[in-house]
Amino acid sequence: MSGITPPVARKQAHPLKHHGNERIDDYHWLRDDERQSPEVLAHLEAENAYHKACFAPFEPLQQTLFQELIGRIDKDESSVPYRWHQHWYYKRYQGEQEYPLFGRKHELEGEEQLLLDANERAQGKEFYSMGGLSVSPDETLLAISEDTLSRRLYHISIKRLDTGEWLSDSLSDTDGEIVWAKDNQHLFYIAKDPQTLLGDRVYCHRLGDPQANDRLVYQEADDSFYLTIGKSLDESRILLTHESTLTSEVSTLDANQPEACFTPLLPREPGHEYSVAKRGEEYYILTNWQAVNFRLMKAVESSFADKRSWQEVIPADESRRLEDLLVLKDYLVVQYRQQGLSQIRIMPLNGATEYELDFDDAAYVVGLDVNPTQDSHHLRIYYASPSTPESIYLVDLTQASPRRLLKQERVLGGFDSQHYQTERLFIDARDGAKVPVTLVYRKDKFRQDGSNPLYQYGYGAYGYTIEPDFDSAILSLLDRGVVYAVAHVRGGEMLGRPWYDAGRLMHKQNSFNDFIDVTLALVELGYCARDKVVASGGSAGGLLMGAVINQAPQHYLAVAAHVPFVDIVTTMLDESLPLTTNEYDEWGNPNQAEAYHYMLSYSPYDNICRQAYPHLLVTTGLHDSQVQYFEPAKWVAKLREYKQDDHLLLFHIDMEAGHGGKSGRYRHFEDTAEEYAFFLGLLGLA
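What comes next is a walk through the structure. (Residues numbered from 1 in each chain as written. Predicted model: local features only at pLDDT ≥ 70, side-chain atom pairs only at ≥ 80, totals over all residues. Heavy atoms only, no water.)

So, the overall build of the protein chain
Within the protein chain, the regular secondary structure consists of 12 helices and 38 strands. In terms of overall dimensions, the protein chain is globule-like: its C-alpha atoms have a radius of gyration of 25 Å, near the 26 Å expected for 686 residues. Taking the principal axes of the C-alpha coordinates as reference, the protein chain spans close to 70 × 55 × 55 Å. Across the protein chain, every contact between residues at least 6 apart in sequence was considered, and the portion connecting residues at least 24 apart equals 57%. With the model as given, the accessible surface of the protein chain reaches about 27,400 Å², and the carbon-plus-sulfur share is 47%. (Helix = DSSP H or I, 4+ residues; strand = E, 2+ residues; numbered from the N terminus. Rg over C-alpha atoms; globule rule 2.2 N^0.38 Å. Contact = heavy atoms within 4.5 Å. Areas by Shrake-Rupley, 256 points an atom, 1.4 Å probe, with all protein chains shown as cover.)

Structural data, given as C-alpha cells:
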C-alpha cells in the first residue's frame, strides 16, 4: 500500500551444516526462547503496526463479520445433561460471558448446584483455558486444571463441593489431565517438562501433601512417546496410554490401590498400536496386529500379554478402518470409517442380530457422545454435516426404534439448512489417487458456471481427519456466494491408515500435490473461478500452505497460514523444542541424510524463491507451545526479502495467545473475522 513501508528484518548469517549441505539462516536471530529480547519484541511490534495499518481498509468488514459470527450463537446454550453416579452433570453459558458455568442436579427438574463459574476464574487474565474438570468418585471434590499463559502448562486446584472451599493443594506444570483413585484421597496427573513441554512423568498426589512429596509412579524414558491417563468405564482401572506415531502401549493400575505401580498389559512392540476397553475380566482390543486398518480382539487380563490367546471379534478389512469402541454391559458399539464416511455398528453380546445406524447426508460426522455408565442400555451419539448443526441423539439399544433427538444446536440469525447443499466428490490426483473433497454452498448463490469464489481448507498430517462438520462461521462465506471445500489430502486418515501412510515421511509431497490437484479440478468442474481461489490451513496445515505457495502460487489469490509449521528441518534437528522427538515417525529424522534431504526438498522456509506469491495473512501467538513464534517470524522476514510482487503480506502476532489463538467463547471469533475479512475484501465481496 502506498506510503506504508513493511518492516525489514536485519540479516545476520547463521550457517547450518548437515550431511554435506550448508544452509544460511539470515533470520535465526529472531529466535528468543525467553521472549524478552528488546530487538525481537520491537520487530514483532513493528509487524503488528504494519498489519494494523494495512488492515485498516478491512476493519469495517471485520467488525461486520464479527457481529455476524457471534450473532448466530445461542447466548444461553447448555449441554445435554448426563447421569453419573447420583447427579446429572452439564455445562451452560450465560449471556455475554466468555466462559462456561458447570453445574449438576440430583434430578433433572431439580435445583442446580453450581460447581464452577469459569468466568470468575478467568477474571483479570488476558488468557484463560480450562484443561480438565474431574469430580471425585464420592462426588464431594472437584479438581480442575487451568492454563493462564497459553503454553499448555496447566495448574491443578481442588474444591470442596459441600462448602465451596478451595483446598491448599496446588499442582503446577501438568498436562491438564486428572484421574481420581477410588479412595477420593489420591489423584494422578502427568507432569510436563517446562522446556520441551513433553508430559513424561506420572505422579500420584495425596490430598493435603505438598506437590514436592508426590510419588513418582512412572517416568517415560523414550522421548518419542506421549502419555495420556484415564479410567476404564467400570472405574476399576486407571489406564496409562503410551503413544508414539506408530507404536502404543497400555498400562493399568488398580483404582483401589493408588500406592501400586502401573503394569503394561502388553509391552510395546515397534509398529504395534492398540487401545483397550474393559468389561469384567475381559478387555476388548482395537489393534493393528496383522491388520493395517485395525481389527477387534478380546482377551482376559491374566493372559493379555500373550497375543496368541487373543480371540478375534471383528476381522481385518482393507476397506474399513475401525476407529472407536464403546463396551457396555450387554452391547458392543463400534465406530468405523468406510470410503471416508463414519458408521456406527451395534453388536448385542447375547447373540441377537447386529445392526447399523443410518445417516442420509452426502457427507457428515458421527461419533460417540458422553456415555459414562457401562451398565446402560442407551447410547448417546452426536451427528452433524456441513449443513446440519450438531445434534445429540439417544438410541434405545433394547429395541429397533428410531433414535430420539435430545438437542440440536440452535443457530440464530434466520438459519435454514434447506438453503445449503453439501456434496462429496472424489478428485483424481496426478498419480491416480482419488482425493475425497467435502463441498458446501448456498443453493441460490451457486451459479454453476465457474464464477463463484472458492475457499479451500486442508490439513493432512498425523492421521488426523478433518471431519465434514457443521461450522456456523462459514455461513458468512456461503451467504456471500463463496463455495467452501475441504480437501481431505493424504496424511489424514479419511480413507484409512494407508491414506495416512501415503502422506507422511518420504511420501509427504503427496499432501501438497493433492491440495493443488483438488484446486485445479474444482476450477475445471466449474465450482469456482480460476482467479477467485483462497486457501487456509493452520499448524501442520500451515506447512501445507507454505509448500503449496512455493510450488504453485499462481493458482491462489490469497492464502492464510495460522501458527504455521514452516521451518521443519531446523525444528526437527532441535530436540529441545516440543515438536521434535515425538515427530520423527511423522516427518522423518533429519539426523539421517535421506530424511534430511527429502524434508529439505519441501520445507516452506528453505524453498522460498524469487517469484510472485499470493496475498498472505500469517498469524501466530508469542507464547505458542507447539509451533514457536519464530518459525512464522523468520518465514515472513524471508518472504519479504524474496517475493516479487506487490501483494499484501500481513503478519499478526498475538502477544498474549498461544497455539489455539484467543481464549473465550466470543473472542476467538475475532481471529475468524480477521481471516474472512481479508479474503472477502480481496474478492470484492465486502
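Looking at the packing of aromatic side chains
According to the stated counting rule, one finds 29 aromatic pairs in the structure shown. These aromatic residues form a ring-pair network of at least three members: F55, F58, Y455, Y484, Y676, F678 and F679. Looking at R10, its charged tip hangs above the ring of W29, at a distance of 4.4 Å from the centre. Geometry around Y500 places R504 over its ring, the cationic atom sitting 5.5 Å from the centre. (Phe/Tyr/Trp six-rings, centres within 6.5 Å; stacked < 30°, edge-to-face > 60°. Lys NZ or Arg CZ within 6 Å of the ring centre and 35° of its normal.)

A look at helix 6 (residues 509-524)
Across its 16 residues, helix 6 extends 23 Å between first and last C-alpha, which sits within 8% of the 22 Å expected from 1.5 Å per residue. Counting buried residues along helix 6, 13 of its 16 residues qualify, which places the element largely inside the surrounding structure. (Expected span 1.5 Å × (residues − 1). Buried < 20%, exposed > 50% of the residue type's maximum accessible area, 1.4 Å probe, protein only.)

Quick notes on the sheet that holds strand 17 (residues 248-254)
Pairing is antiparallel in the open sheet, where four strands are placed in the order 15-16-17-18. The open sheet has two edge strands with one neighbour each: strand 15 (226-231) and strand 18 (263-264). The pairing of strand 15 with strand 16 (residues 237-243) spans six bridges and is antiparallel. Residue pairing across strands places L227 opposite H242, the latter belonging to strand 16. (Pairing = 2+ DSSP bridges.)

Description of the nonpolar core
Membership of the largest hydrophobic core comes to 118 residues, with the highest contact counts inside it found for F515, L522, I568, W587, W635 and F678. Among all residues touching W587, those that are not within four sequence positions of it are A461, Y462, L505, K508, A540, L543, F565, I568, M572, M599 and Y602. (Core = buried A, V, L, I, M, F, W, Y, C linked by side-chain atoms within 4.5 Å.)

Examining the sheet that holds strand 25 (residues 341-348)
Within the open sheet, the four strands sit side by side as 23-24-25-26. Their pairing is antiparallel. At either margin of the open sheet sits one strand with a lone partner, and together these are strand 23 (320-327) and strand 26 (355-356). Here two bridges tie strand 25 to strand 26, and the two strands are oriented antiparallel to one another. Counterpart to R345 in the pairing with strand 26 is E356.

Some details on unusual backbone geometry
In this model, H19 sits at a positive phi of 55°, which is unusual for a non-glycine residue. As for its placement among the helices and strands, H19 is situated in the loop between strand 1 (15-18) and strand 2 (21-24). H19 gets classed as partly exposed once you look at its relative accessible area, which sits at 33%. One non-glycine residue, E139, adopts positive backbone phi at about 65°. Among the structural elements, E139 can be located in the loop between strand 7 (129-135) and strand 8 (141-147).

So, the environment of E318
Note on placement: E318 falls in the loop between strand 22 (311-314) and strand 23. Since its relative accessible area comes to 79%, E318 is described here as exposed.

Section: the pattern of salt bridges
Proximity of charged atoms lets side chains of opposite charge pair with each other. The full count for this structure, using the stated rule, is 45 salt bridges. Between R31 and D574 there is a salt bridge, with the nearest N and O atoms lying 2.7 Å from each other. Pair noted here: R31 is in the loop between strand 2 and helix 1 (38-55) and D574 is in the loop between helix 8 (568-572) and helix 9 (584-587), with a separation of 543 residues, a long-range link. With a relative accessible area of 23%, R31 lands in the partly exposed category. As a salt-bridge pair, K307 and E269 come within 3.0 Å of each other at their nearest N and O atoms. Note that K307 is positioned in the loop between strand 21 (295-300) and strand 22 and E269 in the loop between strand 18 and strand 19 (274-279), a separation of 38 residues in sequence. Residue class for E269 comes out partly exposed when judged on its relative accessible area of 28%. Residues joined in a network through salt bridges with shared partners are E273, R321, E493 and R497. (Salt bridge = Lys/Arg side-chain N within 4 Å of Asp/Glu carboxyl O.)

Focus: helix 2 (residues 59-71)
An α-helix turns once per 3.6 residues; consequently, residues spaced three or four apart project the same way. Helix length check: helix 2 (13 residues) gives 18 Å between terminal C-alpha atoms against 18 Å at 1.5 Å per residue, within 8%. Those residues of helix 2 that sit buried are L61, Q62, L65, F66, L69 and I70. Buried residues along helix 2 cover an arc of 155° about the axis, so they all sit on one side. At its buried positions, helix 2 is contacted by helix 1, helix 4 (475-478) and helix 12 (668-682). (Arc of directions from axis to C-beta.)

Some thoughts on the environment of Y336
Mapped onto the elements of the fold, Y336 is located in strand 24 (residues 331-338). What makes Y336 buried here is its relative accessible area of 6%. Counting along the chain gives 285 residues from Y336 to G621, while the straight-line C-alpha distance between them is 36 Å. Excluding its chain neighbours within four sequence positions, the residues that come into contact with Y336 are R320, R321, L322, E323, L341, S342, Q343, R345 and E356.

Everything listed here is a matter of geometry and, on its own, says nothing about what the molecule does.
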